[in-house]
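Geometric and topological summary
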Amino acid sequence: MTALVIENAERRLIEQEPNLDHLHGLSDERRQEIRRSLAGFRHAAQCDLNNCPVGFCCRYKHLITHHDLCRIPFPMSVYCVDCREWRDIMPYHLQYCHNAMCRMPICVWQRHRNDERPARAA
Ligand SMILES: [Zn+2]
Ligand SMILES: [Zn+2]
Ligand SMILES: [Zn+2]
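Residues numbered from 1 in each chain as written. Chains lettered and ligands numbered in written order. Predicted model: local features only at pLDDT ≥ 70, side-chain atom pairs only at ≥ 80, totals over all residues.

Describing the UniProt feature "zinc finger region: TAZ-type" (unreviewed entry) in the protein chain
Where we set the bar: UniProt positions are given in the numbering used here, feature names are shortened, and annotations may be inferred rather than shown by experiment. Every helix listed is a DSSP run of H or I at least four residues long, and every strand listed is a run of E at least two residues long, numbered separately from the N terminus.
Following the UniProt record, the feature "zinc finger region: TAZ-type" (unreviewed entry) maps to residues 27–110 here. Helix makes up 63% of residues 27–110 and strand 0%, with an end-to-end C-alpha separation of 30 Å.

Listed below in structure tokens is the structure:
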């Protein structure tokens, strides 16, 4: 697997994310970072491959697992670098994710919460 192939795989995933053009307060660089994170988290949440050829897969799998396991209590958790990327990115993911089968933990959690809501009386 050459570096170029890996790069292309990442780029394809990143291109599937919204372009975030409406976020005027952000620099192009920051927007690109956010897209990359969105793509990384989205891919890693549904990837079952142990040796996934997508370069950033391993990193984002780690971040997802880390967020589940991180027991640094608030407010110190604010300083956890690994948790910070998750926290920064999830609001964007929630804004754009319309996938009812999304395996991102935050979406699974939200669906769960919606299910628990008592059914509205007709
Ligand atoms: Zn993967
Ligand atoms: Zn953490
Ligand atoms: Zn989702």
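Regarding the environment of cysteine 58
The condition that has to hold: Put plainly, a residue is buried at 20 or more neighbouring C-beta atoms within 10 Å of its own, exposed at 12 or fewer, and partly exposed in between, counting only other residues' C-beta atoms, which are placed from the backbone.
Relative to the helices and strands, cysteine 58 is located in helix H3 (residues 57–69). Since 15 C-beta atoms lie within 10 Å of it, cysteine 58 is described here as partly exposed. Spatially, the C-alpha atoms of cysteine 58 and arginine 11 are 16 Å apart, while their sequence positions differ by 47 residues.

Quick word on unusual backbone geometry
The backbone of leucine 20 sits at a positive phi, close to 60 degrees, despite the residue not being glycine. Secondary-structure assignment places leucine 20 in the loop between helix H1 (3–15) and helix H2 (28–45).

A short note on the packing of H2 against H3
As a reminder, the rule being used: Angles here are taken between N-to-C directions and fall from 0 to 180 degrees, while the axes themselves are lines fitted to C-alpha atoms, restricted in helices to the stretch in contact. Orientation labels follow simple angle bins: below 35 degrees gives roughly parallel, above 145 gives roughly antiparallel, 65 to 115 gives roughly perpendicular, and whatever is left gives oblique. Two residues qualify as a contact pair if the distance between their C-beta atoms, derived from the backbone, is within 7 Å.
Remark: H2 packs on H3, axes separated minimally by 8 Å, with the N-to-C direction vectors making an angle of 80 degrees. Taken together, H2 and H3 sit at an angle that is classed as roughly perpendicular. Contacts between H2 and H3 involve Gly40, Phe41, His43, Ala44 and Ala45 from the first element and Cys57, Arg59, Tyr60, Lys61 and Ile64 from the second.

Some words on the environment of cysteine 107
Along the chain, cysteine 107 turns up in helix H5 (residues 105–116). Expressed as a C-alpha distance, the spacing of cysteine 107 and arginine 11, which sit 96 residues apart in the sequence, is 24 Å. In contact with cysteine 107, other than residues within four places in its own chain, are Cys97 and Cys102.

With respect to the environment of threonine 65
Note that threonine 65 resides in helix H3. According to the C-beta neighbour criterion, threonine 65 is partly exposed, with 13 such atoms within 10 Å. As a C-alpha pair, threonine 65 and histidine 112 span 47 residues in sequence and 19 Å in three-dimensional space.

Brief notes about the packing of H2 against helix H4 (residues 81–96)
Convention followed: Any residue outside Ala, Val, Leu, Ile, Met, Phe, Trp, Tyr, Cys, Pro, Asp, Glu, Lys and Arg is labelled polar, Gly included; the first ten of those are nonpolar and the last four are charged.
The interhelical angle for the contact between H2 and H4, taken along N-to-C directions, is 85 degrees, at an axis separation of 10 Å. By the criterion of interaxial angle, the relationship of H2 to H4 is roughly perpendicular. On H4, the residues touching Ile34, Ser37, Leu38 and Phe41 of H2 are Glu85, Ile89, Tyr92 and His93. When grouped by side-chain class, the residues that make up the contact of H2 with H4 number five nonpolar, two polar and one charged.

Structural notes on the nonpolar core
What counts is decided by this rule: We call a set of buried Ala, Val, Leu, Ile, Met, Phe, Trp, Tyr and Cys residues a nonpolar core when their C-beta atoms link them within 7 Å.
In this structure, Leu38, Ala39, Phe41, Ala44, Phe56, Cys57, Tyr60, Leu63, Trp86, Ile89, Met104 and Cys107 together form the largest nonpolar core, which totals 12 residues. Broken down by secondary-structure element, the contributors of at least two residues to this core are H2, H3 and H4. The leading source of residues in this core is H2, at four residues. Setting aside residues up to four positions removed in sequence, tryptophan 86 forms contacts with Leu63 and His67.

Considerations on H2
Rules: Every helix has an expected span of 1.5 Å times one less than the residues it contains.
Taking 1.5 Å per residue as the helical rise, H2 with its 18 residues ought to reach 26 Å, and the 26 Å between its terminal C-alpha atoms agrees with that figure. Residues Arg35, Ser37, Leu38, Ala39, Gly40, Phe41, Arg42, His43 and Ala44 constitute the buried set of H2.

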